Amino acid sequence: MSENGGLRVDVGFYHLTRTPLEEALPALLGKTLDVGERALVRCPDATSVTALDTALWASRDPVWLPHGTAKMGHAARQPIWLTEGNDVPNGAKFLFRVDGAGDDDFSPFTRIFDLFDGRDPASVQRARQRWVALKAVGHTLVYWQQQERGWKKSG
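The chain has the name DNA polymerase III subunit chi in an unreviewed UniProt entry, where Gluconobacter frateurii NRIC 0228 is given as its organism.

Peer 1: Run through the nonpolar core, naming residues and quoting values.
Peer 2: L25, L29, V41, L52, I80, F96 and L115 are the most contacted members of the largest nonpolar core, which totals 21 residues. For this core, the element with the highest residue contribution is helix α1 (residues 21-34), accounting for 5 residues. Once residues lying within four places of it in the same chain are set aside, the contact partners of I80 are L29, L33, A39, V41, L56, L65, P66, H67, G68 and N90.

Peer 1: Could you give an account of unusual backbone geometry, with specific residues and numbers?
Peer 2: Following D61, the chain continues to P62 via a peptide bond in cis, the omega torsion being 0 degrees. Mapped onto the secondary structure, P62 falls in the loop between α2 (46-58) and β3 (80-83). Positive phi, normally seen in glycine, also occurs at H74, with a value near 55 degrees. By the secondary structure assignment, H74 is in the loop between α2 and β3. Backbone geometry at D99 places phi at a positive 50 degrees, although glycine is not the residue there. Assignment of secondary structure puts D99 in the loop between β4 (94-98) and β5 (111-117).

Peer 1: Give a detailed account of the confidence of the model for the chain, specifying residues and quantitative values.
Peer 2: Mean pLDDT over the chain works out to 92, with 95% of the residues at or above the 70 mark. Taking the mean pLDDT of every element in the chain, the minimum, 92, falls on strand β7 (residues 151-154) and the maximum, 98, on strand β2 (residues 39-42). Within the model, the stretch residues 1-5 combines pLDDT values under 50 with 17 contacts to residues more than four positions away or in other chains.

Peer 1: Describe in detail a nonpolar patch on the surface, supporting the description with residues and values.
Peer 2: A cluster of nonpolar side chains, namely W57, V63, W64 and M72, defines an oily patch on the protein surface of about 480 Å² accessible area. Residue position: W57 is located in helix α2.

Peer 1: Describe the pairing of β7, listing the residues and the values that go with them.
Peer 2: Relative to β7, strand β6 (residues 140-146) is paired through 4 bridges, and the arrangement is antiparallel. Pairing of Q146 across the sheet is with W151, part of β7. Once β6 ends, the chain turns through 4 residues before running back antiparallel as β7, passing G150 with a positive phi of about 85 degrees.

Peer 1: Let's hear about the environment of W144: which residues, and what values?
Peer 2: Here W144 lies in strand β6. Residue class for W144 comes out partly exposed when judged on its relative accessible area of 21%. Beyond its immediate chain neighbours, meaning those up to four positions away, W144 contacts G12, F13, Y14, H15, W151, K152 and K153.

Reading guide: rules and limits
Residues numbered from 1 in each chain as written. Predicted model: local features only at pLDDT ≥ 70, side-chain atom pairs only at ≥ 80, totals over all residues. Heavy atoms only, no water. Core = buried A, V, L, I, M, F, W, Y, C linked by side-chain atoms within 4.5 Å. Buried < 20%, exposed > 50% of the residue type's maximum accessible area, 1.4 Å probe, protein only. Helix = DSSP H or I, 4+ residues; strand = E, 2+ residues; numbered from the N terminus. Contact = heavy atoms within 4.5 Å. pLDDT = per-residue confidence, 0-100. Patch = residues over 30% accessible without salt bridge, like charges linked within 9 Å, V, L, I, M, F, W, Y side chains within 5 Å. Areas by Shrake-Rupley, 256 points an atom, 1.4 Å probe, with all protein chains shown as cover. Salt bridge = Lys/Arg side-chain N within 4 Å of Asp/Glu carboxyl O. Pairing = 2+ DSSP bridges.

Put into structure tokens, the structure is as follows:
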């Protein structure tokens, strides 16, 4: 596990219990853009990148989420970058990890969003393991559970 320039990184665990990632992620990304930040969405594989790319273009709330992938290019100009790799070509400071995708080098980031599917027991178990490991190295952890409207902070 890494630190961000000697500082601990804030890691929020986002437990998806009501909607799939493709429906929950757009609102979080919209809020990221609203505060003037760039986002990197790290996916476990190319299929996930394609699915999220399609979902973001189809999003209705927010209506428009400017983003790109390696297939589209122009990474440095993209406020949201979808990848299956460990690259950060858009200078993002917010990392959205889909089910813990990628390595644990958090050095480029100031905030981590770890999103996992609460309807998948294996995904929940992997999230628990990540929580324990990140807590052991001293990161600030917060647990968020999806509610009917929005998120509820717990623990």
